[in-house]
Amino acid sequence: MDTSSPTQKKKPNELTSTLTTDYISGFDLISIEGYRQDGRKPDELRHFRVSFNVVSDADGSCYMEHGNCKLLATIYGPYEGESRSNQEQAVITCDFSMTSYCVSERRLRTFGDMKSQKLQMAIQRVFQQAVNTETYPKSQIDIHLKILQSDGNDYCPCVNATTLAFINAGIPMKDFVCSSTVGYIQNKCIIDLNQQEEQQKSPQLTLTLMPQRNDIVALTCESRVHHDIYNDMLDAATSANLQLFHLMKQAVINQLKTALHV
Amino acid sequence: MFGRHRRQYTKQIARSLNYILNNPKCFDLTQLCVVKGHHCWLVHVDISVLRYEGNLHDACSFAMKAALSETKVPALKVNHDEETNEVSVDVCDDPYQYGVLDVSNLPVLITVGQINGVHTVDTTIKEDSVTLARITYGIKPSGSIVYMNKDGGGSLDLLNIRSMGKVCFIY
């Protein structure tokens, strides 16, 4: 982003520097009052909105708006798998695609590129663990994800939307699966990074968690995280995921209430 | 509809919309010009189908017309240097300063199908699958037909085609 000033803070891993007064102008990711660029506090999630049964001929579907990220998750299955598929468990496949207009620059390669394939495999692995696949031997479950608008990290909203779509489809799972990113900027842990915050070269973790069992499904880190702040970041990520879990549970309960006319 | 049939179908829709857009009588391409001979606007129309329930041709053309009518063209500052013939174009920073495109003359596509001798308009997915022959008309608000395309394996005689044209007109 070319609005960032070149004289920004020193590397946050250096614990000996005092950060707040060392740099000139530019923009602060966290203002002096403690608010981020989009007006959130460091431990606040982005605006979360979910709607179910969007695609009525799919078995389960979920349209999710997480901040500026809008995506559609649909589940087909379980249906009869191919003859060479796993005899004892259901096979979960994932298909991820973006639209040409999901990011600010028109994107021609909407599926099949490296990032999409990595995401597909990651989600497939996560849900192979989370879903009770032993109850559906010799069958296949398809996950289709479509990003309508992207705001940096696609993986976390995808995982959350897929969980809700599975619940909408009525497929039993061991637990919810929630995912959130956490960063460390200006001596504070901030959760649920948007694109601007993610593009900073600051320590970041992506945590995928089963909240009620407290099981970590996946933990990815593609930056340098100093082990002194590691525990704090993990705690922040866990609390972020618990917040997400409450929001998701509330959405499911509301959907049930409207469906049962209670 | 899967596999290569889907690909062919979507390509056909793209082709018909392309034809409509690039026609100077339907869409005034000069409104996209910034500096004659130097710069012009490039417009991409991307349509994502969230749910297919039949009659995709018509729905896509309605969506395209609606989207183009709402398009905000950013305001530009153009410096045309007469002596050196250099042109510099700057996009205005103010997001509230924009121009709009004139799509009042843009035609929409209407598909008229034939099932068992009855002419159908705005078919659902089930009706689509039993329609043997259909004609897609591109029709302007003034009533003139600019585009016509026949689709499907069934045959239509002249009388049918004329009456289908009349149906589309009324619609």
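Note that the structure is a prediction, hence the values are computed from the model and not measured. (Residues numbered from 1 in each chain as written. Chains lettered and ligands numbered in written order. Predicted model: local features only at pLDDT ≥ 70, side-chain atom pairs only at ≥ 80, totals over all residues. Heavy atoms only, no water.)

Would you take a moment to explain the side chain of H57 of chain B for this structure?
Relative to the helices and strands, H57 of chain B resides in helix α2 (residues 56–69). If near-sequence neighbours (up to four positions away) are discounted, H57 of chain B is found in contact with Y9, Q12, I13, S16, L109, T111 and T136 of chain B. (Helix = DSSP H or I, 4+ residues; strand = E, 2+ residues; numbered from the N terminus. Contact = heavy atoms within 4.5 Å.)

Just to check I follow, could you spell out the interface of chain B and chain A for this structure?
Quite often, the size of an interface is put as the accessible area lost when its parts meet. Taken together, the contact pairs six residues of chain B with nine residues of chain A. Between chain B and chain A, roughly 680 Å² of surface is buried when both sides are summed, and carbon and sulfur atoms account for 49% of that area. If you sort the residues of chain B by the area they bury against chain A, D46, L50 and R51 of chain B come out on top, with a joint share of 67%. Here chain B and chain A share zero salt bridges between them. Connecting chain B to chain A are one residue pair in polar contact (both at pLDDT 80 or more). For the side of chain B that touches chain A, the class distribution of residues is one nonpolar, two polar and three charged. (Buried area = accessible area lost by both parts, 1.4 Å probe. Salt bridge = Lys/Arg side-chain N within 4 Å of Asp/Glu carboxyl O. Polar contact = N/O pair within 3.5 Å; in protein donor to acceptor, adjacent residues only side chain to side chain. Nonpolar A, V, L, I, M, F, W, Y, C, P; charged D, E, K, R; others polar.)

What is the right way to read the pairing of strand β2 (residues 60–66) of chain A from this model?
Every other side chain in a regular strand lies on the same face of the sheet, so the side chains alternate between the two faces. All names here are of chain A. When you tally the buried positions in β2, you get seven out of seven residues, the bulk of the element. Burial of β2 is two-sided: the residues G60, C62, M64 and H66 facing one way and the residues S61, Y63 and E65 facing the other way are all buried. Where strand β1 (residues 48–52) lies against β2, five bridges are found, and the strand directions are antiparallel. Paired with V50 across the two strands is M64, which belongs to β2. In this sheet, strand β3 (residues 69–80) lies alongside β2 in antiparallel orientation, the contact comprising seven bridges. The partner of C62 across the bridge, within β3, is A73. The hairpin turn running from β2 into β3, its antiparallel successor, is two residues long, and G67 in that turn takes a positive phi close to 70°. (Buried < 20%, exposed > 50% of the residue type's maximum accessible area, 1.4 Å probe, protein only. Pairing = 2+ DSSP bridges.)

Interpretation in functional terms is not warranted from these geometric data alone.
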